[in-house]
Every structure is written in structure tokens, then in C-alpha cells.
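Inside the fold
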Amino acid sequence: MRALPVREGEVELDGRLSEDVWQLAGVATGFIQRDPEDGSPATERTEARVVYSSSAIYVGIRAFDSQPDEIRSELVRRDGGPQSDVLGFFLDSYHDRRTAFAFTVTPSGSIRDIYYYNDGWADASWDAVWQVETSVDSLGWTAEFRIPLTQLRFDNEKTTWGFQVYRRIHRNAEVDYWSPVSKEASGYVSLFGELEGLENLSQPMRLELRPYTVVNNRQRPGSEGILYAPGSETQFNAGLDLQYGLTSDFTLDLTVNPDFGQVEADPAVVNLTAFETYFPEKRPFFIEGSGLFDRYVPAGQLFYSRRIGRPPQGFATPPDGGTVEIPDASTIISAAKVTGKTAGGLGLGLLSAVTAREKATLRDSLGTEAGKQDVAPLTHHLAGRIEQDFREGSHTVGAMVTALNRKLDENLDFLRSAAYAVELDGTHRWKDNTWGVYWNLAASYIRGSRSTITSAQRSSFRYYQRPDAPHVELDTTRTSLSGYALSVGAGKEAGTWQYGAEYSWVTPGFDISDMGFQWFADLQGLYAWGNYLQARPRWIFRDFRFMANAGSEWTTGGERLSSWLLPFYFYGRLRNNWSVYLFPARWGWDHLSVTALRGGPAVRGDASWRSYLEVATDARKPISLSVWANKSRWIGTSREWLALGPNVRFRPTPLLNGSLGLFYRWERNPTQWVTRRSVADSTHYVLAEIEQKTLSLTLRLDWTLTPSLSIQFYGEPFAFSGRYSDFKGVAEPRAREFADRYRLYHEELTCGSDGVCEVDLDLDGAADFTFSHPDFSSRYLRSTMVVRWEYRPGSVLFLAWQHGRSSFTSDAAFGAFDDLADLFDEPADNTFLVKANYWLSF
């Protein structure tokens, strides 16, 4: 397809395509279905045309429709997922067959823009400033787009770009593409067609400024314990976000005194494991254009941007009878990133951020300030990525580095003074991307005091102190720790039959947790998978997959951590647009747990099975339902759990949509960790049977008044209880039978009404050790309401209200819905926020 050059002002953006230039431009037509009949011609005709001026790309799409009265038009907030007819297009402006900018619109004018990278990974957080107008008539509907060149990244010496046009016909659940995108194909951007004739494109200056101001008022319950919190507090703030095109290829993003208040609170969780809970990033500076930094190694995520501005990790000692006021987060003084890609396929990303030294305020018994104490050091964070494409994106080689440096004071020397990681990776695909090989290799290095590195060796990732692990050894004199990780995989990634295998290795000393998010260390694994895809309608299905996978994992010392086989699981969409996802049984063999005793000897784990079922009705309907159930059971023990998740989505009007979801989980675990105690020269590990119950409700409402004005509500009441019983010690941790591994405390254990449990091991009448009875219940309520008004292109006003309530008791009673209702009797924590920014472009 060929684009037509036009003069400024020749296109009037009104959604009607009535200008003569549209009739002179080349036409993209002959669309092909992806759904429901993969590979068949589209049921309705679509035409797309492209013209361009010295400042913008214009795309006009005419969607002919034999039933124009059946065109579905829904108004949703920006970047929402509408149940509507949709038109859109994609620009691979580098023509690297790996990255693209996408722009879509509904007949009512709701817009969405997405940045694609790695030939199909999507970043919906990317927001550009562009315009579109739509019109519905007797022939169907049209969309007329204007994309300023300032919002795109391109090489003006390239006159050919990758190009794709997309259409969704809601009533048919039909998805059409101009350049075919089969379900059996591998990749996405690499399947685009071409747009030619983009000659003499000018490079705009690309300078954008977004000054902002924010007023934040928080009203919360008074201080509890030693932590001080003012009952009411108002803060005023201002800052600036800047984006500047350094060259035609690279862009600088700079933020000074950024406002990183989160629009939606993190979901409530109760974590009884030895590992950290992962929360997704929600701050615009870090999520926009973050695709280049999304690198994973076998042990985890190499760069986890929520490490920047994290809550202070230090602690402070209050004066006698006094309290301590600790900041909620570390202040980000400034942050900058440079991203871009050259015409030769060289991509580069560099991010740097500095967080401030934070101090806790000490207060005496009267609440008067009595001094300051450091709780977070001045810290510099750095992440860099470089990547080179070869052979039109079929082969890539890349490298990434992360670095963290802290300026530590004496009372913060428990933190690591420095942490570095470097990674190399490659992807190689051939035969129309049908076959692929991928690999990566990473190394890490952390430095700190002896006690800091000793703590790192004792962490839940590695447990160097384990008495039965000869392949690791605790060294309390070390001041650094290093390690590496590697993985290599290969497979057939396209076609009816797809399959592959992967091997990974992570040494015990590998640690990326200061700048990344780490799942484990000291692990090697071998995995295999395969699936059969039926892409076209058959029997009662629109399409379906049969899949299977298997794997085994060991420590680097050869201890088997897991082995599983999932011989069959199925996903299918029915002709009525319902879907079903099922696997009857995932079998796991007995294994060793090296984390159950938190640094003690490895414990034998029993064989298990797990099953899953999920059914969802047609999401196009005004009311749609989905429900899933997950069940697991361990053979030879009382351990089991059951989880359920029904959800209803509703769209009573084209302006309002929402969902109400329930989550319930019940679990019984006879070997829940309680504590560790030393008696004479021996260590005793105390475990118990826990009965856990979790119930939560999640309500989301989106009321969209116009494409630029919307109201969102999110609310989640959450209740959790943990009841402990059958306290026990460890007898023979690797015994085959469960009863031989543990020794129940009977007459040795006495628990008083004060919650203190005494253990008399030798029954001589004197307690050998004590611990607190761990029964508890937690309740949380978190909600957010946000009014978003884009009062001019790129300039947004936010009005937000965050509301929270919580309680924690040592009573394990679980009142289900009564617990959720009781939350409203707890003291409230309210935050009211007004934020406005103003977009300037030069």
C-alpha cells in the first residue's frame, strides 16, 4: 500500500472522509478473518487509506456494514477494553518487524493506544497525544485519525514502514486484519504488511513539557503503638515531566520532583511464606515505554521498578514512652531515561533515578519532636539495556545491566552498599518464525558489611546455613556475594503442532533482589511442553487447544525440589462464544522442600494432584459470568486446598460497565511454619496444622460520560483467618511416611489464656521454650474513586478519593460476609487528592 503526500489543511478532521485527497490515496482492502473463521475473507468490506503532511500521519478507515443498525457502540474510559465495534491501525515506524504503535477507536469515540515490542508484547500504558473523529451512516461507519509526527519514533530516511489495519465486528465476534494474522502463526508485528511512499518526512523538535500541581489531604486514625501518624495532614506539591527528542532516534524523559501517588491501591494479601509478594507497577513514569527493560532470567525479573521509591527499610528507636514517625516512601528527587532505536536496528534504553535520604521523626510521650534518625540512605538506581536486531527482527542479541549504590550511615549498615547485575540474551527464529532458539546468561554481585552478607547467605533464596547441604557453606567473614544464572530453550512456535524444551541453572549466590524481583536461587530445571491447535471452527468449537507439559527441578547440589506431569489440559471457545479451560489432574511426585524449615534441614514433601476448571459466558452480552475452581490434595497427608472465583460483568448502558468478583479459598496445611527455638545444643523447629480461610469481594465500576471524562471506582473488602492446631516438632525430616517425619506435642504443650504456649520436652515440669499462639484474623477494605477529565489534548485533571479500613486480632474466628460487613465499624483512613497537569508541545 502507498501513502499520499498532502498539504497542511487539506484534511479536515470530521470523521467523514469527504476530502478529495482520500479518493486519490491508495486503498488497503481484502481483509482476512482471524476470528471466527481463521484465514477466511472478512464478512464485511473494509477500506483503509493513508495520507501524510509535514506534521502528521492521517489514516482514514471506512467500515462498510450491511446491517448499520447493528453496529455496537460503547463508551469506555481511555485504554479501556470495550465490548464494541472497533477500528484501528498499527505503524511499525522503524520497520524492524518487532515494534509498533497502535491506535484504535470505537464508533462513540473511545480511544486506545498501545506500544508493541518484542514482536507481540503489549504496553497499554503508553499514551500519546493524537486525535480521531468517527461517523456512523447508512453504509456503516468511518474513523479519521490524525497522528502527529511528534508522537512517533522513526528514521526519516526510511520511506517504507510496517503497516496493519484492524477491525472488530462485535455482533459476529469477528476480528479482521488487512495483513493476515493467523492463530497458528508465531509473532505479531512481523506479520504486518508495508506502507510505502513516506518520503521527505520532517523530523519535529519533539519537546514536550507537563508541569503538574497536586493537593493531597489525608485523614486517618491516630497513632497506634510506637508508630506515630498525624490524624490529619495536607500536602502541596508541584513538579515537571519533560520529554525531548535528542536525535531522530532517541528520546529523553526527565521528571523533577515527580508525583508517584498511585491511582489504585495494591490488593490486600496475607503472606505466610518466606518470600516477598509481587505487586505490579502503576506509576506512569516507569510503566510508559518500559518494554525495553522487561527482561527475565530463570530466577526472576531483572529490573523491578518498584524498588525505586520503596518504603524505608530502616527502623528507629523511640524515646521512652514516645513514638516514631516514618515516611511512607523514599522521596524520588529526580529520574531520567533515554530510549530509542536506530535505523540499523540498535535499541537502547537507560534509566537513572536518585532517591533521598529519609529520616524518622522521634517524638516524646507528649508528641513533641525529640530528634531525627536515618531510615533510608541516599540511593542511586541505574538500569540500561542495549539490543541489536538482525535479519528483519528474526534474530536479536541484547545485554542489560542494573546497578544500585547506597550512601550508608552507621545505623543503616545492615543494607547492601552496592548491587550489580549484567545479562546477555539472544533469540533466533527461522522458517517464517516457525522455529526458535532463545538463551540468556546473567551474573550478579552484591557488596556490604559482614553482617549484611551473612544475612544474604541466610536468606530464603539460599539458606547457606542448612546442615544437610554440602554444596553451600555459610561464611560469616564475607563482604560480597556473587552468582550467575543461565537458560536455553528451543521449540516449534507456529503451526498446528507446537512444542519445545528448556533448561535453566541458577547458582546459590545469584541475587538480583535490590534492583529486581527474585523468585529463587540454587536451582536447576528441565522443562518440556507441547500443544495441538485447532484454529478454525470444528464440532461445537470456534477454536481449541490441547496442551501438556512436564518438568523437574533440583538444587545445584542435586536435591529434587519438584517433578510434575500435566498430561492434558484444554482450552476452547464454543460457537456461542462461551469458553472453557480444564485440566483434570496435574501430578506432582514426592520431593524435598529446602525452605519449609527456614534454614533447617530439607524435609520430604508428598506427592500431590491438582485440578482446575473455568467456564465463561459470552462477554459481548450485557451480563456475562465466569467462574473458576481449583482443587489440590497431597497424598498421604491431610493437606489440601480449594479455591473458587465467580465473577459477573455487567453493562447496563453503553456508558456504564462494571464487574463484581468473589474470591474464596480454604486451605489445610499440617506443616505450617511457626517458629524456631534453641534448647541446649539442639535446634527445635515448631510447625502446626493451619486452617486458612480467605474471602474477598472486588467491585469495579467505569462510568464514561464522554471520551475525555470518566469516573472509576474500585473497592475490595478482604477477610482472612488462620487457625493453628496440632503443634509438632521435626523427628526424621526425610522419612517416607508423614507420621514418621514429625512428632506431635501432646502433654509436652500447654497454651494459656494469655496466648503463650509452653513446651516441656522432657516433662520435668519446667518449660524448655515458649512461643505465642499464632491464631489471627485480618480484615481490610481498600477503595478508590477517580474522576479523570482530559480538558484539552494531553492535559488531565484528576480528582481522587482513597478509602481504607483495617483490623487485626488474635481471634481466628471466621465470620465470612459478617467479617466484611464489620469492616465498616473500623476507623477510616481517607485520602483526597486533586491533581492537574498541562501539556505543552514545541
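These lines cover the structure that appears in this document, whether it is placed above or below. (Residues numbered from 1 in each chain as written. Predicted model: local features only at pLDDT ≥ 70, side-chain atom pairs only at ≥ 80, totals over all residues. Heavy atoms only, no water.)

On a plain count of helices and strands, the chain comes out with five helices and 51 strands. On C-alpha atoms alone, the chain measures out to a radius of gyration of 29 Å, which is about the 28 Å that the 2.2 N^0.38 rule sets for 842 residues. Dimensions of the chain, computed from C-alpha atoms along their principal axes, come out at roughly 100 × 65 × 50 Å. Put simply, of all contacts in the chain between residues at least 6 apart along the chain, 64% involve residues at least 24 apart. (Helix = DSSP H or I, 4+ residues; strand = E, 2+ residues; numbered from the N terminus. Rg over C-alpha atoms; globule rule 2.2 N^0.38 Å. Contact = heavy atoms within 4.5 Å.)

Scanning the entire structure with this criterion turns up two cavities of 30 Å³ or more. Counted as a void, the largest cavity has a volume near 130 Å³. Looking at the largest cavity, it is lined by 18 residues, and the ones nearest its centre are Arg310, Gln313, Ser330, Thr379 and Arg406. Of all the elements in the fold, those that place two or more residues in the lining of the largest cavity are β23 (369–376), β24 (378–390) and β25 (395–407). It is strand β26 (residues 418–430) that provides the largest number of residues to the lining of the second largest cavity, a total of three residues. The residue makeup of the lining of the second largest cavity, split by class, is five nonpolar, two polar and two charged. (1 Å grid on protein atoms, 1.4 Å probe; cavity = no way out; pocket = protein on both sides within 12 Å on 5 of 7 lines; lining within 4 Å. Points joined across faces, edges and corners; volume = space filled by probe spheres on them. Nonpolar A, V, L, I, M, F, W, Y, C, P; charged D, E, K, R; others polar.)

What follows concerns the sheet that holds strand β18 (residues 300–301). Taking strand neighbours across the sheet as the criterion, the three strands line up as β17-β18-β30 in an open arrangement whose pairing is antiparallel. Pairing within the sheet leaves two strands with one partner each, and these edge strands are β17 (296–297) and β30 (517–518). As judged from the two bridges shared by β18 and β30, these two strands associate in the antiparallel manner. Considered in β30, the bridge of glycine 300 is made with glutamine 518. (Pairing = 2+ DSSP bridges.)

Counting residues in hydrophobic clusters, the biggest one holds 40 residues, and the most contacted among them are Ile57, Phe103, Phe145, Leu152 and Phe163. For this core, the elements supplying multiple residues, two or more each, are β3 (46–52), β4 (56–64), β5 (86–92), β6 (100–105), β7 (111–117), β10 (140–148) and β11 (161–169). Residues in contact with leucine 152, not counting those within four places in the same chain, are Ile57, Leu91, Phe101, Phe103, Ile147, Trp161 and Arg206. With 32 residues, the next largest nonpolar core counts Phe285, Leu351, Ala456 and Ala485 among its residues. (Core = buried A, V, L, I, M, F, W, Y, C linked by side-chain atoms within 4.5 Å. Buried < 20%, exposed > 50% of the residue type's maximum accessible area, 1.4 Å probe, protein only.)

Our next topic: the sheet that holds β10. With respect to topology, five strands assemble into an open sheet ordered β1-β3-β4-β10-β9, the strand pairing being mixed. The strands lining the two open edges of the sheet, one partner per strand, are β1 (4–5) and β9 (131–137). Here β1 runs beside β3; their pairing, made up of two bridges, is parallel. Directly across from leucine 4, in β3, lies its bridge partner valine 51.

Let us look at the pairing of strand β32 (residues 541–554). Alignment of strand β31 (residues 523–534) against β32, held across 11 bridges, turns out to be antiparallel. Its bridge partner being in β32, asparagine 531 is matched across the sheet by methionine 547. Taken together, β31 and the strand that follows it, β32, pair antiparallel across an intervening segment of six residues, in which tryptophan 539 is found at a positive phi of about 55°. Note that β32 and strand β33 (residues 560–574) share 12 bridges and pair antiparallel. Along β33, the bridge assignment pairs glycine 551 with tryptophan 564.

Moving on: the packing of aromatic side chains. In the structure shown here, the tally under the stated rule is 49 aromatic pairs. Each ring, one from tyrosine 115 and one from tyrosine 117, has its centre 6.2 Å from the other, and the planes form 15°; the classification is stacked. Note on accessibility: tyrosine 115 and tyrosine 117 belong to one class, buried. What links up through ring pairs into an aromatic cluster is the set Phe89, Phe101, Phe103, Tyr115, Tyr117, Trp121, Trp126, Trp130, Phe145, Phe163 and Trp178. Above the plane of the ring of tyrosine 780 lies arginine 782, whose end atom (NZ or CZ) is 5.5 Å from the centre. (Phe/Tyr/Trp six-rings, centres within 6.5 Å; stacked < 30°, edge-to-face > 60°. Lys NZ or Arg CZ within 6 Å of the ring centre and 35° of its normal.)

Moving on, we come to the state of the cysteines. For the coordinates displayed, the defined rule picks out one disulfide. Between the sulfur atoms of cysteine 751 and its disulfide partner cysteine 757 the distance amounts to 2.1 Å. Its torsion about the S-S bond being 110°, the disulfide of cysteine 751 and cysteine 757 is classed as right-handed. Residue classification places cysteine 751 among the partly exposed residues on the basis of a relative accessible area of 36%. (Disulfide = S-S within 2.5 Å.)

What follows deals with the pattern of salt bridges. Counted according to the given criterion, the structure contains 57 salt bridges. Put simply, aspartate 65 and arginine 171 hold a salt bridge, and the shortest N to O gap is 2.7 Å. Residue aspartate 65 is located in the loop between β4 and β5, and its partner arginine 171 is located in the loop between β11 and β12 (174–177); the two are separated by 106 residues in the primary sequence. When its relative accessible area of 5% is taken as the criterion, aspartate 65 is described as buried. As a salt-bridge pair, arginine 639 and glutamate 667 come within 3.7 Å of each other at their nearest N and O atoms. Here glutamate 667 lies in strand β41 (residues 656–679) and arginine 639 lies in the loop between β38 (623–634) and β39 (640–644), a separation of 28 residues in the sequence. When its relative accessible area of 24% is taken as the criterion, arginine 639 is described as partly exposed. One continuous salt-bridge network, built from bridges that share partners, spans Asp96, Arg98, Arg295, Lys341, Arg385, Glu387, Asp389, Glu423 and Asp425. (Salt bridge = Lys/Arg side-chain N within 4 Å of Asp/Glu carboxyl O.)

As for its placement among the helices and strands, leucine 582 is situated in strand β34 (residues 579–588). Take leucine 582: its relative accessible area is 29%, and that puts it in the partly exposed class. Residues leucine 582 and phenylalanine 285, spaced 297 residues apart in sequence, show a C-alpha to C-alpha distance of 39 Å. Setting aside residues no more than four positions away along its own chain, leucine 582 makes contact with Tyr569, Phe570, Tyr612 and Leu613.

Time to look at the environment of threonine 496. Tracing the sequence through the fold places threonine 496 in the loop between β28 (480–492) and β29 (497–506). Residue classification places threonine 496 among the partly exposed residues on the basis of a relative accessible area of 27%. The sequence separation of threonine 496 and leucine 799 amounts to 303 residues, and the corresponding C-alpha distance is 50 Å. Discounting chain neighbours no more than four positions away, the residues touching threonine 496 are Glu184, Asn531, Tyr532 and Leu533. At a separation of 3.3 Å, a polar atom in the side chain of threonine 496 contacts the side chain of glutamate 184. (Polar contact = N/O pair within 3.5 Å; in protein donor to acceptor, adjacent residues only side chain to side chain.)

Negative phi characterises most residues that are not glycine, and trans characterises most peptide bonds. Here the amide bond leading from aspartate 35 into proline 36 is cis, since omega sits at -5°, within 30 degrees of zero. Along the chain, proline 36 turns up in the loop between β2 (32–35) and β3. Positioned with a positive phi, histidine 95 is a non-glycine residue whose angle comes to about 50°. Mapped onto the secondary structure, histidine 95 falls in the loop between β5 and β6. Among the residues examined, histidine 95 registers a relative accessible area of 18% and is labelled buried. A positive phi angle, near 55°, is found at alanine 680, a position not held by glycine. Mapped onto the elements of the fold, alanine 680 is located in the loop between β41 and β42 (682–706).

Along the chain, histidine 803 turns up in strand β49 (residues 795–809). With relative accessibility at 12%, the residue histidine 803 sits in the buried group. Side-chain polar atoms of histidine 803 contact the side chain of arginine 805, separated by 2.9 Å. A distance of 2.6 Å separates a polar atom in the side chain of histidine 803 from a polar atom in the side chain of asparagine 830. Contact partners of histidine 803, with chain neighbours within four places excluded, come to Leu781, Arg782, Ser783, Ala828, Asp829 and Asn830.

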